[in-house]
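Chain by chain, the residues:
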Amino acid sequence: MASQEITIPARPDRLYDVLEFIGGAMRGAEISESDQNNINIAVEEIFVNIANYAYPNGEGDITVRLSTEQDQFTVEFKDGGTQYDPLAKPDPDTSLSAEERNIGGLGILIVKKLMDRVEYRYENNTNTLLIQKATR
């Protein structure tokens, strides 16, 4: 199993650094272009939400850990911000018009549809969100 991680400030302007880090790992793992695009969309959604909302009283960090094992590519996000489980809310009803729907939830719904596995846990004052994609 190969794994690597980076810890960077939780700021939206650092998204490019995360995508570069993940992109290099995906190229090394020979992941299809379609799967790379799906992983990048999911990573962007999660990273930007953490950067915008995890630390309402100041700055903090996000650790992004990647691992490849057999035919699975896993990205794990860890932050010490406000406890928040994005999987706790029910999925938005996409059959309703935009005016009829409650705000929020579409991003995590997209992540759940693009990834094969999405898990959240909160331990030791740390949010951990794991996404995984089968690569073959």
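The preceding data block contains the structure.
A short tour of the structure in this document, coming up. Keep in mind it's a predicted model, so treat the numbers as computed, not measured.

Describing the nonpolar core
- Grouped together as the largest cluster of nonpolar side chains are 32 residues, with contacts concentrated most on I22, I39, V64, F73, V75, F77 and I131.
- Looking at this core, the elements with two or more residues in it are α1 (15-28), α2 (33-53), β2 (61-69), β3 (72-79), α3 (106-114), β4 (117-123) and β5 (126-134).
- At seven residues, α2 tops the list of elements feeding residues into this core.
- Other than its neighbours up to four places away in sequence, I131 contacts A42, V43, I46, F73, T74, V75, F77, V111, M115, R117 and V118.

Some thoughts on the sheet that holds β5
- Read from one edge to the other, the open sheet built from five strands follows the order β1-β2-β3-β5-β4, with strand pairing classed as antiparallel. The open sheet has two edge strands with one neighbour each: β1 (2-9) and β4. Averaged over all neighbouring strand pairs, the angle between strand axes comes to 15°, with direction disregarded.
- Bridge count for β3 against β5 is eight bridges, and the pairing is antiparallel. The partner of Q72 across the bridge, within β5, is A134.
- Where α1 meets the sheet, its contacts fall on β1, β2 and β3, and the angle it forms with β1 comes to roughly 170°.

Quick notes on the environment of Y84
- If you trace the backbone, Y84 turns up in the loop between β3 and α3.
- Note: C-alpha distance between Y84 and T126 (42 residues apart in sequence) is 9.8 Å.
- With near-sequence residues (within four places) excluded, Y84 lies in contact with K89, Y120 and N127.

Let's talk about the pattern of salt bridges
- One pass over the structure, following the stated rule, counts six salt bridges.
- Residue R14 is joined to D17 by a salt bridge in which the shortest nitrogen-to-oxygen separation is 2.4 Å.
- Accessibility expressed as a relative area gives 23% for R14, which makes it partly exposed.
- Where R117 meets E119, a salt bridge forms, and the shortest distance between an N and an O atom there is 2.7 Å.
- Given the relative accessible area of 32%, R117 is considered partly exposed.
- By relative accessible area, E119 is classed as partly exposed at 34%.
- Here the salt bridges do not stand alone but share partners, grouping E76, R121 and E123 into one network.

A closer look at α1
- With 14 residues, α1 ought to run about 20 Å at 1.5 Å a step, and its terminal C-alpha atoms sit 20 Å apart, in line with that.
- When we look at burial in α1, the residues that qualify are L15, V18, F21, I22, G23, A25 and M26.
- Each element contacted by the buried residues of α1 is listed here: β1, α2, β2 and β3.
- Taken from the residues just after α1, E30 is the one with a positive phi, measuring 55°.

The rules behind each value
The residue numbers shown here count from 1 along each chain, following its written sequence. Totals for whole chains, interfaces and linings use all residues, but because this is a predicted model, local features are given only for residues with pLDDT of at least 70 and pairs of side-chain atoms are given and counted only at 80 or more. Note that water and hydrogens are dropped before the side-chain values are worked out from all heavy atoms of the structure. Here, nonpolar core means buried Ala, Val, Leu, Ile, Met, Phe, Trp, Tyr and Cys residues that are tied together by side-chain atoms lying within 4.5 Å of each other. In this scheme, a residue with accessible area under 20% of its type's maximum is buried, one over 50% is exposed, and one in between is partly exposed, where area comes from a 1.4 Å probe on protein chains only. Helical segments are the DSSP runs of H or I of at least four residues, strand segments are the runs of E of at least two, and each set is numbered from the N terminus. Whether two residues are in contact is decided by their heavy atoms, any of which lying within 4.5 Å being enough. Between any two strands, at least two bridges found by DSSP are needed for them to pair. Angles shown run from 0 to 180 degrees and are taken between the N-to-C directions of axes, each axis being a line fitted to C-alpha atoms and, for helices, limited to the stretch in contact. Each reported salt bridge corresponds to a side-chain nitrogen of Lys or Arg within 4 Å of a carboxyl oxygen of Asp or Glu. Multiplying one less than the number of residues by 1.5 Å gives the expected span of a helix.

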